[in-house]
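Tertiary structure, described
Residues per chain are reported as follows:
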Amino acid sequence: MFNLVFTILLVSGIPVNDGKEDAHKFPANFLFGASTSAYQIEGGNEKLYGKGENMWDFSIKKNPFIIANKSNAEISCDSYHKYRNDIELLKYLGVNFYRFSISWSRLLPDGYSNKVNTHAVRYYNDVINLLLMNGIEPMVTLHHKDLPQKLQEIGGWTNPYLAYYYEDYARIVFTYFGDRVKYWITFNEICVGYGGNIEPPFLNQPEHAGYLCRNVILLAHAKAYHLYDQVFRNIQRGQVGYLIEGRWLQSATEQPEDLKAAERARQFFFGLQGNAVFHPDGDFPEVMKRRIAEISKKQGYLRSRLPDLSKEEVTFIQGTYDFLAVNYYSTVLIKDSNTTKDDVGVDKFQNEEWKKSASEWLRVYPDGLRNILRWVKDTFDNPEVFITENGFSDHGELNDTDRVSYLKLHLEALLQAIYEDKIPVKGYSVWSLLDNFEWMAGYTEKFGLFHVNFNDPQRTRTTKLSAKWYKKVIAERTPSVVDYY
Ligand code: BGC
């Protein structure tokens, strides 16, 4: 009888632990992974492979100085040629799944659905097949920042038609690869360059483009989800997740106005991204709708700068998830402010005492991971969760004890989230398998479990201490491992 219950729980994906719950060990069916994204590792930009230009290729060509040390991703880790090698590394770690992304402009060089690049189909088939042959489940992000340039030229994610083009792209991806891929994530961190000017397309219009981007992404996500439901789910039997950029936003003090401001900031950040999908009422959060409408009116606009979701759209988007994917790295402290010019009305900063990394935005605060999970549990109807990214940057040290310590603290926080807060976390994936092209920072900030020598034409990979440590963590299902040298 116990075996039967255990089997049912395993199949249902609810964490189980052999009946003997050990709060230092991850449940028997908990999944460990490692993450990458296409543009950051593939290279393979040579003409003969037929990849089309994406917004990063375009922006870097136009002004090479935007990337630290004028570097680029033309070769990067050369995973386009070295994927077999990468899969060996995944095997060494003993991961259950590998999270990677498909390059839209590699598959559909112009972004539109009329021209499919057969080299891309071959490449992703090879990767997926080899993973499966080695017992590693592919978890595929459909779109991770690298929009085809032709689509950027028509407004990118401010153009509502992108939702249709994305649906076409998703149809092609599901058709070619969905017989073998069982975990899909629709988007990863797309809107940064719309609200801000720190990456392409550098629009820097938080008050307009930032919101438009979120609106179109929600519609595009829901279209892909419904498409999967209607056409593919019955045959392919996979799951489609929606990803939230997670940065925990914590009140800097216990003052009521700061506590309130921190919750407002969370609604403006997580709520903007995920309320429409996960909240039982759907739509953008009430506090956002009200506040932005009021401010817009005072500013003389004839309508709110936050685009409306119609009743039909709210219904169309609500509930379109099989799981929630969370990327977590760090925490930001929040104080109420009536002097900031943004809509949320808060000051943001970090605690200087938190340990630093090589990235100026990333300081170590493991409780943030637990807090975020509690918040989504309470606010978003308790969805099943995958931690799809969590990692630490340094300058590429092989003896990366700071990374080991970061990952250990976060896995311990995750165990508390699972056992004490009863959050249904199904898996965890480290960012990143390899040192790679860290966007605007080029190759100056390293997140890999494996070192890559970017001066060597072979792009030789070397095992770091953190890889040896993570291998042991996976084998023993606990972050409290010793003797991993
Ligand atoms: C992004 C990755 C990036 C990492 C570290 C994540 O949020 O998805 O592409 O490399 O952050 O900056």
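Residues numbered from 1 in each chain as written. Predicted model: local features only at pLDDT ≥ 70, side-chain atom pairs only at ≥ 80, totals over all residues. Heavy atoms only, no water.

**Some thoughts on the overall build of the protein chain**
Scanning the protein chain from terminus to terminus reveals 16 helices and eleven strands. On C-alpha atoms alone, the protein chain measures out to a radius of gyration of 22 Å, which is about the 23 Å that the 2.2 N^0.38 rule sets for 485 residues. Across its three principal axes, the protein chain shows a C-alpha extent of roughly 60 × 55 × 50 Å. Looking at the protein chain as a whole, 61% of its 485 residues are labelled buried. Across the protein chain, the fraction of contacts at a sequence separation of at least 24, relative to all contacts at a separation of at least 6, is 73%. Element-wise, carbon and sulfur atoms account for 51% of the exposed surface of the protein chain, whose accessible area totals about 20000 Å². Put simply, the protein chain has 56 plus and 61 minus side-chain charges, and the middle of one group is 2 Å from the middle of the other. (Helix = DSSP H or I, 4+ residues; strand = E, 2+ residues; numbered from the N terminus. Rg over C-alpha atoms; globule rule 2.2 N^0.38 Å. Buried < 20%, exposed > 50% of the residue type's maximum accessible area, 1.4 Å probe, protein only. Contact = heavy atoms within 4.5 Å. Areas by Shrake-Rupley, 256 points an atom, 1.4 Å probe, with all protein chains shown as cover. Lys, Arg positive; Asp, Glu negative; His and termini not counted. Charge placed at Lys NZ, Arg CZ, Asp CG, Glu CD.)

**Observations concerning helix H8 (residues 162-177)**
Compared with an ideal rise of 1.5 Å per residue, which puts 16 residues at 22 Å, H8 spans 22 Å between its outermost C-alpha atoms and is within 8% of the ideal. What H8 keeps buried is the set Leu162, Ala163, Tyr166, Glu167, Tyr169, Ala170, Ile172, Val173, Phe174 and Phe177. Those residues of H8 that are buried are in contact with helix H5 (104-107), helix H6 (118-133), strand E3 (137-144), helix H7 (149-153), strand E4 (183-188) and helix H10 (209-236). (Expected span 1.5 Å × (residues − 1).)

**Examining the UniProt feature "active site" (unreviewed entry) in the protein chain**
In this structure's numbering, the residues bearing the UniProt feature "active site" (unreviewed entry) are Glu389. Assignment of secondary structure puts glutamate 389 in strand E8 (residues 385-389). On the basis of relative accessibility, which here comes to 4%, the residue glutamate 389 falls in the buried class. When sequence neighbours within four positions are dropped, the list of residues in contact with glutamate 389 reads Ser35, Arg99, His144, Asn188, Val326, Asn327, Tyr328, Tyr329, Ser429 and Trp431. (UniProt positions renumbered as here; feature names shortened; annotations may be inferred.)

**Describing the side chain of histidine 279**
Tracing the backbone shows histidine 279 in the loop between helix H11 (256-278) and helix H12 (286-298). Taking the relative accessible area as the measure of exposure, histidine 279 reaches 19% and is therefore buried. Of note is the side chain of histidine 279, whose polar atom sits 2.9 Å from the backbone nitrogen of aspartate 281. (Polar contact = N/O pair within 3.5 Å; in protein donor to acceptor, adjacent residues only side chain to side chain.)

**A closer look at the nonpolar core**
Core analysis: the largest hydrophobic core is formed by 148 residues, its most contacted members being Leu107, Trp157, Trp184, Leu373, Leu414 and Tyr470. Looking at this core element by element, the count peaks at 14 residues for H10. Not counting chain neighbours up to four residues away, the residues in contact with tyrosine 470 comprise Phe32, Gly33, Leu93, Val95, Tyr428, Ser429, Val430 and Leu449. Ranked by size, the runner-up nonpolar core spans eight residues in total, among them Ile185, Phe323, Ala325 and Phe386. (Core = buried A, V, L, I, M, F, W, Y, C linked by side-chain atoms within 4.5 Å.)

**Brief notes about the site of the ligand**
Within the structure, the ligand sits among Gln40, His144, Asn188, Glu189, Asn327, Tyr329, Trp361, Glu389, Trp431, Glu438, Trp439 and Phe447. Between tyrosine 329 and the ligand, the recorded distance is 3.5 Å, taken from a side-chain N or O atom to an oxygen atom. Protein chains bury 94% of the 310 Å² of accessible surface belonging to the ligand in isolation. Here the residues of the shell around the ligand sort into five nonpolar, four polar and three charged. (Near = heavy atom within 4 Å. Nonpolar A, V, L, I, M, F, W, Y, C, P; charged D, E, K, R; others polar.)

**Here's the deal with the packing of H11 against helix H14 (residues 367-379)**
Look at H11 against H14: their axes get within 13 Å of each other, and the N-to-C directions meet at 80°. By the angle between their axes, H11 is roughly perpendicular relative to H14. Seen from H11, the contacting residues are Glu263, Arg266, Gln267, Phe270 and Gly271; seen from H14, they are Ile372, Trp375 and Thr379. Considered class by class, the residues forming the contact of H11 with H14 number three nonpolar, three polar and two charged. (Axes fitted to C-alpha atoms, helices over the stretch in contact; angles between N-to-C directions. Parallel < 35°, antiparallel > 145°, perpendicular 65-115°, else oblique.)

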